[in-house]
Amino acid sequence: MSHAGSKPAGRQSVFQTLTCPLCREYMCPPITLCQAGHNICSRCRSGTEKCPSCERPLLDTRNVALETIARNLVYPCRFSPAGCRGKFRMDDVGKHHAQCPHRSYDCPLRELEGCKWTGRFGEIREHVETRHSTAVMAASQEQEATWELSNPECFHNSHHVLFACAEVFVLYKRFDISHRKLCLSVHRCGESPGPFRYSLRLDKNGGRQSVVLSDAAHGQAENVEQVFLSGECIKVDFDMLMAFVKGTRLLRIMATSECASCGHNV
Ligand SMILES: [Zn+2]
Ligand SMILES: [Zn+2]
Ligand SMILES: [Zn+2]
Ligand SMILES: [Zn+2]
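The model shown is predicted, which means the values in this text are computed figures rather than measured ones.

Engineer: Describe the overall build of the protein chain, naming the residues involved and giving the relevant values.
Structural biologist: When helices and strands are tallied, the protein chain shows 8 helices and 17 strands. Per-residue burial for the protein chain yields a buried fraction of 38% across its 266 residues. Considering only contacts within the protein chain whose residues lie at least 6 apart along the sequence, 52% involve residues at least 24 apart. In the structure as shown, the protein chain presents an accessible area of about 14,500 Å², 50% of it carried by carbon and sulfur atoms.

Next comes the structure, spelled out in structure tokens:
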């Protein structure tokens with residue numbers, strides 16, 4: 001039984017306690033602790049060694065009491081302040097948040113540039129173009145978008161916001177000096193990785209010779225450092241890059257019907 005409008009203060013703080021400090025989703029078991037007793041969700045735990053609340057080391061100790069509470073609660077949608085009335089069991093609330101018509105989005109550069117903006121999906125482009133104009137990599141078509149990376153740009157670490165296929169993506173570009181590789185990872189803004197792939201095409205001799213490297217786009221919640229470490233990204237050898245130094249480099253994002261979790265390099 002629920003009483004619309006009445007929200008006991010105790011109940012409210014349980015939901016706050018169950019919100020992961022890093023991804024701000026409700027935490028599902030296993031919920032683990034830091035040395036000082038702060039909680040973190042399992043998804044964020046795998047991508048970091050320090051507590052996001054106090055920076056102390058994270059332990060493998062589980063907060064069993066909180067896990068039991070989590071299993072027995074019915075969760076209000078996180079976007080209830082925006083008008084959503086939905087209530088869900090622990091296993092379904094995350095899925096709902098990804099699709100909630102009342103959902104709000106963080107700025108795609110929230111962590112990278114410390115931007116606190118939130119808004120509707122349709123407002124992201126205007127925000128990014130006004131406030132982060134230097135990060136925008138422009139040029140797009142409906143189902144496919146291409147960008148030309150200039151030669152000097154390849155050798156700098158940077159991030160870019162890309163608008164393609166009616167979605168918003170962040171491209172992380174890293175020059176790994178010790179392994180002599182250019183690393184690229186594309187993350188879709190939103191919860192699920194979705195059926196999107198990205199590719200890098202290197203051309204030389206006026207396009208008569210080319211190399212195409214491709215991978216599945218990641219979800220926003222996936223830790224980019226972890227992605228670069230795991231190698232689930234595009235990595236181009238410095239020597240290969242140099243062989244194509246006079247040609248064009250095209251980065252392409254495409255919507256695909258193929259499952260992002262089973263398809264790997266093309
Ligand atoms: Zn989390
Ligand atoms: Zn802590
Ligand atoms: Zn909702
Ligand atoms: Zn912003």
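Engineer: Explain the sheet that holds strand β1 (residues 32-34) to me, using residue names and the numbers behind them.
Structural biologist: Taken in spatial order, the 3 strands of this open sheet run β2-β1-β3, and their pairing is antiparallel. The sheet is open, and its two edges are formed by β2 (39-40) and β3 (58-62), each paired on a single side. Both β1 and β3 contribute to a ladder of 2 bridges, which runs antiparallel. Note on β3: the bridge partner recorded for C34 is L58.

Engineer: Quick rundown of the side chain of D215? Include the residues and the values.
Structural biologist: Note on placement: D215 falls in strand β14 (residues 209-216). Side-chain polar atoms of D215 contact the backbone nitrogen of C233, separated by 3.3 Å.

Engineer: Could you give an account of the nonpolar core, naming the residues involved and the relevant values?
Structural biologist: By size, the foremost hydrophobic cluster in this structure holds 42 residues, and its most contacted members are W147, L162, F169, Y198 and I253. Ranked by the residues each element gives to this core, the list is headed by strand β11 (residues 167-176), at 6 residues. F15, Y26, I31 and L66 belong to the second largest nonpolar core, which has 18 residues in total.

Engineer: Can you explain the coordination of the zinc ion (ligand 1)? Please cite residues and give values.
Structural biologist: Coordination of the zinc ion (ligand 1) by the protein is provided by C20 (SG), C23 (SG), C41 (SG) and C44 (SG), with metal-donor distances spanning 2.3 to 2.4 Å. Here the zinc ion (ligand 1) is ringed by 4 donor atoms whose angles at the metal span 104 to 113°, and the overall shape comes out tetrahedral. Read in sequence order, the donor residues for the zinc ion (ligand 1) give the motif C-x2-C-x17-C-x2-C.

Engineer: Requested: an account of the packing of aromatic side chains, with residues and values cited.
Structural biologist: With the rule as written, the count across this model stands at 6 aromatic pairs. Taking the centre distance of 5.3 Å and the plane angle of 75° together, the rings of F169 and F196 count as edge-to-face. Here F169 is found in strand β11, whereas its partner F196 is found in strand β13 (residues 196-204), with 27 residues between them in sequence. For the pair F169 and F196, one class covers both residues: buried. Arranged with centres 5.7 Å apart and planes meeting at 65°, the rings of F175 and F238 form a pair that is edge-to-face. Of this pair, F175 sits in strand β11 while F238 sits in helix α8 (residues 238-243), and the two are 63 residues apart along the sequence. Classification of F175 as buried rests on a relative accessible area of 14%. The aromatic ring of Y105 is capped on one face by R103, whose charged end is 4.1 Å from the ring centroid.

Engineer: Explain the coordination of the zinc ion (ligand 2) residue by residue, including any values.
Structural biologist: For the zinc ion (ligand 2), the full set of protein donor atoms is C34 (SG), H38 (ND1), C51 (SG) and C54 (SG), at a range of 2.1 to 2.3 Å. With 4 donor atoms in place around the zinc ion (ligand 2) and angles of 105 to 113° between them, the coordination shape is tetrahedral. Motif for the zinc ion (ligand 2), donor spacing along one chain: C-x3-H-x12-C-x2-C. In this pair, H38 is assigned in the loop between β1 and β2 and C54 in the loop between α2 (42-45) and β3, connecting sequence segments 16 residues apart. Classification of H38 by relative accessible area gives partly exposed; the value is 31%. Overall, C54 belongs to the partly exposed group, its relative accessible area being 22%.

Engineer: Outline the pattern of salt bridges, listing residues and values.
Structural biologist: Per the counting criterion, the structure on display carries 13 salt bridges. Residues R188 and E167 are paired through a salt bridge, measuring 3.0 Å at the closest nitrogen-oxygen approach. With a gap of 21 residues between them, R188 in strand β12 (residues 181-188) and E167 in strand β11 connect regions that are remote in the sequence. Assigned by exposure class, R188 and E167 land together as buried. Across the pair D239 and R180 runs a salt bridge, and its minimum N-O distance is 3.2 Å. With D239 in helix α8 and R180 in the loop between β11 and β12, the pair connects residues that are 59 residues apart, well separated along the chain.

Engineer: Help me get a handle on the sheet that holds strand β9 (residues 144-148), residues and values and all.
Structural biologist: The strand order across the open sheet formed by 4 strands is β9-β17-β13-β14, and the pairing between neighbours is antiparallel. Since the sheet does not close on itself, it has two edges, and those belong to β9 and β14, each with one partner. The average angle at which neighbouring strand axes cross in this sheet is 20°, direction not considered.

About the thresholds
- Residues numbered from 1 in each chain as written.
- Chains lettered and ligands numbered in written order.
- Predicted model: local features only at pLDDT ≥ 70, side-chain atom pairs only at ≥ 80, totals over all residues.
- Heavy atoms only, no water.
- Helix = DSSP H or I, 4+ residues; strand = E, 2+ residues; numbered from the N terminus.
- Buried < 20%, exposed > 50% of the residue type's maximum accessible area, 1.4 Å probe, protein only.
- Contact = heavy atoms within 4.5 Å.
- Areas by Shrake-Rupley, 256 points an atom, 1.4 Å probe, with all protein chains shown as cover.
- Pairing = 2+ DSSP bridges.
- Polar contact = N/O pair within 3.5 Å; in protein donor to acceptor, adjacent residues only side chain to side chain.
- Core = buried A, V, L, I, M, F, W, Y, C linked by side-chain atoms within 4.5 Å.
- Donors = N, O, S within 2.8 Å, 3.2 Å for Na, K, Ca; no water.
- Tetrahedral: all angles 85-135°; square planar, octahedral: opposite > 155°, others 65-115°.
- Phe/Tyr/Trp six-rings, centres within 6.5 Å; stacked < 30°, edge-to-face > 60°.
- Lys NZ or Arg CZ within 6 Å of the ring centre and 35° of its normal.
- Salt bridge = Lys/Arg side-chain N within 4 Å of Asp/Glu carboxyl O.
- Axes fitted to C-alpha atoms, helices over the stretch in contact; angles between N-to-C directions.

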